[in-house]
Amino acid sequence: MTALIETVGVSKAYGSFVALDGVSLSVASGELLSVVGPNGAGKTTLVNVLTGLLKPSSGSVRFKGEDIAGIGPVALAKRGMARAFQLVHIFPAMTVAQTIGVAVVSQTSRSLRLFASVATDAALRSRVREVATIFGLDTKLDTESRLLSQGEKKLLDIASAFALTPEVILLDEPTSGVSSGDKHGIMRTLMDAAKHAGVQAIILVEHDMNLVAEYSTRIIALKEGKVLADLPPKQFFADPDIVAAVVGKLVGRMSQRAA
Amino acid sequence: MSESDVTAVPGSRQSGANGLRRHTALLVMLVAALIVLALFPSFAQPYYVTLVLPAFAYAIALLGFNLLFGYTGLLSFGHALFVALGAYGAAVLTSKLGIKSFELILLASGLAAVVVAIPVGLLAVRYVRIFFGILTLAFGMLFHSFLFKFYNITGGDTGIRVLRPALFGNEFSEMDKTAFLIGPFYYYCLVLLVVLGFVMWRIVHSPFGLHLTAIRENSRKAEYLGVRVRMFRLAAFLISAFYCAIGGVILAINTGQADPETAYWTHSGELVFMTVLGGFANFFGPLVGAFVFIFLKSELMSLTQYWRFFLGVTLALIVILFPRGVMGVAQDLWSKVKKQQ
Amino acid sequence: MTAFFDILLGGVFHAAVLFLVAAGLQLVFGVQKIVNLACGSFYALGAYFGITSVNWALAAGLPPWMFLPVLIISGIVLGAIGPAIEALLRTIYARDEAFQLLLTFALVLMFQDVLRFFWGPNPQQLSNLVTEYGRLSIGTFSVSTYNLLVIAASILIAVGIGAFLQRTRFGRILRATAENREMSQALGVNVRWMYTSVFTLGTILGTVGGALVVPTAAASLDMPVELVVEAFAVVVIGGLGSMRGALVGALIVGLMRAAAITFYAELEILAIYLVVIVVLIARPAGLFGKPIE
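As the structure is a prediction and not an experimental result, all values here were calculated from the model.

1. Re the overall build of chain C
Thought 1: If you tally the helices and strands in chain C, you get 12 helices and two strands.
Thought 2: The secondary structure elements of chain C, listed N-terminal to C-terminal, are α-α-α-α-α-β-β-α-α-α-α-α-α-α.
Thought 3: Radius of gyration (C-alpha) of chain C: 19 Å, near the 19 Å computed for a compact globule of 293 residues.
Thought 4: The dimensions of chain C, computed from C-alpha atoms along their principal axes, are 60 × 50 × 40 Å.
Thought 5: Long-range pairs, those at least 24 residues apart, make up 76% of the contacts in chain C with a sequence separation of at least 6.

2. Some thoughts on the interface of chain C and chain B
Thought 1: Each partner contributes to the interface: chain C provides 36 residues, whereas chain B provides 39 residues.
Thought 2: When contributions to the side of chain C that touches chain B are tallied by element, the ones reaching two or more residues are α5 (97-119), α10 (223-238) and α12 (268-282) of chain C.
Thought 3: Of the residues forming the side of chain C that touches chain B, the biggest block, 16 residues, is contributed by α5(C).
Thought 4: Here the side of chain C that touches chain B is built from residues that sort into 27 nonpolar, two polar and seven charged.

3. Regarding the confidence of the model for chain C
Thought 1: Residues of chain C with pLDDT of at least 70 account for 98%, and the chain-wide mean is 86.
Thought 2: The lowest-confidence element of chain C is strand β1 (residues 135-138) of chain C, averaging 73 in pLDDT; the highest-confidence one is α5(C), averaging 94.

4. Quick word on the environment of C:I161
Thought 1: Topologically, C:I161 is positioned in helix α6 (residues 145-167).
Thought 2: Each residue touching C:I161, except ones within four places of it in the same chain, is listed here: C:A23 and C:M243.

5. Brief notes about unusual backbone geometry
Thought 1: One non-glycine residue, A:E224, lies in positive phi territory at about 50°.
Thought 2: Structurally, A:E224 is set in the loop between β9 (218-223) and β10 (226-231).
Thought 3: Within the chain, C:K33 stands out as a residue other than glycine whose phi angle is a positive 60°.

6. Section: the pairing of strand β3 (residues 32-36) of chain A
All names here are of chain A.
Thought 1: The element β3 is largely enclosed, with a buried count of five among its five residues.
Thought 2: Neither face of β3 is exposed, since L32, S34 and V36 on one face and L33 and V35 on the opposite face are all buried.
Thought 3: Sheet topology places β3 next to strand β8 (residues 201-205); four bridges connect them, and they run parallel. Paired with L32 across the bridge in β8 is I202.
Thought 4: Pairing analysis gives four bridges linking β3 to β9, with the strands arranged parallel. Bridge pairing in β9 places S34 opposite I219.

7. Some points on the environment of C:V108
Residue and element names in this part refer to chain C.
Thought 1: Its location among the elements puts V108 in helix α5.
Thought 2: Taking the C-alpha atoms as reference points, V108 and V225, separated by 117 residues in sequence, lie 7.9 Å from one another.
Thought 3: Once residues lying within four places of it in the same chain are set aside, the contact partners of V108 are L37, A38, S41, P224 and V225.

8. Points about the arrangement of the chains
Thought 1: Contacts are most numerous between chains A and B, considering all two pairs of chains that are in contact.
Thought 2: When C-alpha atoms are compared, chain A and chain C, though not in contact, are closest at a spacing of 15 Å.

9. Points about the sheet that holds β9(A)
All names here are of chain A.
Thought 1: Judged by pairing direction, the sheet is mixed, and its six strands sit side by side in the order β6-β7-β8-β3-β9-β10 without closing on themselves. Looking along the sheet, the strands with just one partner apiece sit at the ends: β6 (81-84) and β10. Shown here is a sheet whose adjacent strand axes are inclined to one another by a mean of 15°, direction ignored.
Thought 2: Of the strand pairs in this sheet, β9 and β10 are connected by five bridges, and their pairing is antiparallel. Considered in β10, the bridge of A221 is made with A229.

10. Considerations on the sheet that holds strand β2 (residues 17-28) of chain A
Residues and elements named next belong to chain A.
Thought 1: Ordered by their spatial adjacency, four strands build an open sheet running β2-β1-β4-β5, and the pairing between neighbours is antiparallel. Whereas interior strands pair on both sides, the edge strands pair on one side only; in this sheet they are β2 and β5 (66-67).
Thought 2: Bridge count between strand β1 (residues 3-14) and strand β4 (residues 58-63): five bridges; the pairing is antiparallel. Residue pairing across strands places V8 opposite S60, the latter belonging to β4.

11. Here we look at the packing of helix α11 (residues 243-263) of chain C against α12(C)
When two helices pack together, their arrangement is captured by the angle between the axes and the distance separating the axes.
Residues and elements named next belong to chain C.
Thought 1: Closest axis-to-axis distance for the α11/α12 pair is 8 Å, and the angle between their directions is 140°. It follows that α11 is oblique to α12 by the angle criterion. Crossing of α11 over α12 shows right-handed handedness. Contacts between α11 and α12 pair I252, V253, M256, R257, A260 and I261 from the former with E268, A271, I272 and V275 from the latter.
Thought 2: Class assignment of the residues belonging to the contact of α11 with α12 gives a composition of eight nonpolar, no polar and two charged.

Reading the values: rules and limits
Residues numbered from 1 in each chain as written. Chains lettered and ligands numbered in written order. Predicted model: local features only at pLDDT ≥ 70, side-chain atom pairs only at ≥ 80, totals over all residues. Helix = DSSP H or I, 4+ residues; strand = E, 2+ residues; numbered from the N terminus. Rg over C-alpha atoms; globule rule 2.2 N^0.38 Å. Contact = placed C-beta atoms within 7 Å. Nonpolar A, V, L, I, M, F, W, Y, C, P; charged D, E, K, R; others polar. pLDDT = per-residue confidence, 0-100. Buried ≥ 20, exposed ≤ 12 C-beta atoms within 10 Å, placed from the backbone. Pairing = 2+ DSSP bridges. Axes fitted to C-alpha atoms, helices over the stretch in contact; angles between N-to-C directions. Parallel < 35°, antiparallel > 145°, perpendicular 65-115°, else oblique. Left-handed = near helix turned anticlockwise from the far one by under 90°.

As structure tokens, then:
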């Protein structure tokens, strides 16, 4: 399988502080990669490098074979990668439909059309409805984003990223702030959406080990900027040292689950 | 603009029976206003009719200004620059180059404004919020001082005369100045306002307009959704410059003179004043604002020599108590009426 | 030679007065994040009121050479309007900055006619009181003593503000509030009172600046709107919020103006704005401002 995203020996230093140290990984089509590790391990920095926000101090980062170091969010979206943040970003005064609409339109040549009407664009509206339905927001299409519940805002944030029809989507703690009952619901929605949107790979930054264990095809653990492990869940949780390094006390439960 | 100030995306909400009802009411009021405006010269005193001309001019200018302000969220304190460009364009073309075709004047002045707006915009859209405002103020004053100081070219503080243009080739030389202004010129400008208004309506409701609103609401998120923020801001800037220049042309022909004070920063401040007075969160707000402001200013001027003070008080009241302007107040009243039904 | 130094000193004098107004702008922006378009109005108020005060003092028998202290005191007294205006601005602190800017523009409009109401439409001047201080001879040339005194006063005030911000408790609290208002409030700082004090101080700097300029220039109704232009050039060049920026920016603008008047009068304000634009291209945040965006 050819790698969709790969980093080779990526390091990022801020003065004397080394955030990432020789991180090499690759993500192929069909994978759901979870990036785990304690706070300060370098997850956010890695994600920023993977999404073209940060230029690595050394090493390379490639997407579909092309160098994407520091290309920025707009170019990234154009190349087929989308990202959703842990902190919810919305367009407060815009409706759900309009928010998703922005994503749908920005990727087409339609965005520069000054006189085409958004209201009468049937293709646009059906696409927006499609995306909204997957995320359970179809009843709220005409609701202003700021009036949505926190959970709905989060869904909208992720939905608008999916609406870019990216090949790879990167989600930063998509289930944070959500009750444990809802977490699995969100994960299932994400998998569903990925299938519908033709997403080929998902990269997840997660703290919830249960979700990581259940949904990932592979887990990468970072510690102090270095890759501690890069394994499928079974092998990952079978190794008590690795699990201890990442989660500490939950070792016992984890090894039982993976067995 | 923060959430508390804009409670609706201008021109949003097209679906649902409610929207349709709103649209019908709006359409009826629009047609009624147009009929009144069309018949105005026949029943009103010439003095009041001559007031409507600057109202037309500012209405067009503000349509453009609000694309940048209300829809894209960028407050410029220098757009009088483009109004002045329009005025001086008309002056130079008619008195110095002998070009009388109104159509040509409009086009040339508009294009000149766009050309000037390109370098100004390229620099200005690198900034947001207060820095954008100060930078545009600086450019506006740069142009003003250019107009003022280089009197060999620009006529200094007296400015340049603006001669009567030919509307579709006809100068109506049998009419005197007032008859021309409240007659053929009035109707031409009314039609121009309707046409340019329609164009702006389409722009605002297009994917382009959607992107502008996204940029206003959260420019970082817009970037992550693939929107080229600076490019769109620049485009909005250029369109707003064009509209302001058209307004400037009409103003100059109305007064017969292009003078440098048109470019002064306080004139830019008035543009903002009018827009907020009418309501920046509504498509028709700036149009209403232009008319209300012109008539208010005229009435105040006839009542007291301290009219600036009362204009200032009006602005303060709007800012503090009625930030969504006249249209905002009207919308609130409308919802109250509907609730009681 | 004397002519050259006169022009140079005139430029520095202008810079000194500009610094005062700009310092007021920077203080208010630094703490309250409001750009005060009415800074020129305060300046003009200081000018007009200064003339009135001096004329009144002279009529009451004050010896003419004491006009400088009278000017300064009259400027400080005007600070009384500070709290009232701040209270008005306070009503919209929570709103978008566009509205704050607009409210200060409303003040500009109102002040325009307030000045006209009290002092009439014609420019006003102080009779030739500058000669009271004569000229100082330095070697082969002489300079206006008044200009020197004002420059000295301005330097003193600059040093004073610097010391105040860096060394005093109030100054430290002020800087902390400028950095993080919520934190300051949580730590028990009476932010309201702080805002009122800072705004009043900013007002006084403006009014004193205006008062100090009247012996050399007439007070006119154009002052409020014209000064804003130069004051903004200063803060843009120096960087919004920076005191050092106000000082350096004022010097640049003051000296450029002097140079332009000498060599190519048409260029005067144009030159200043060209510098503004060049600075913004090279260093978007101004020379000393914090990087933005």
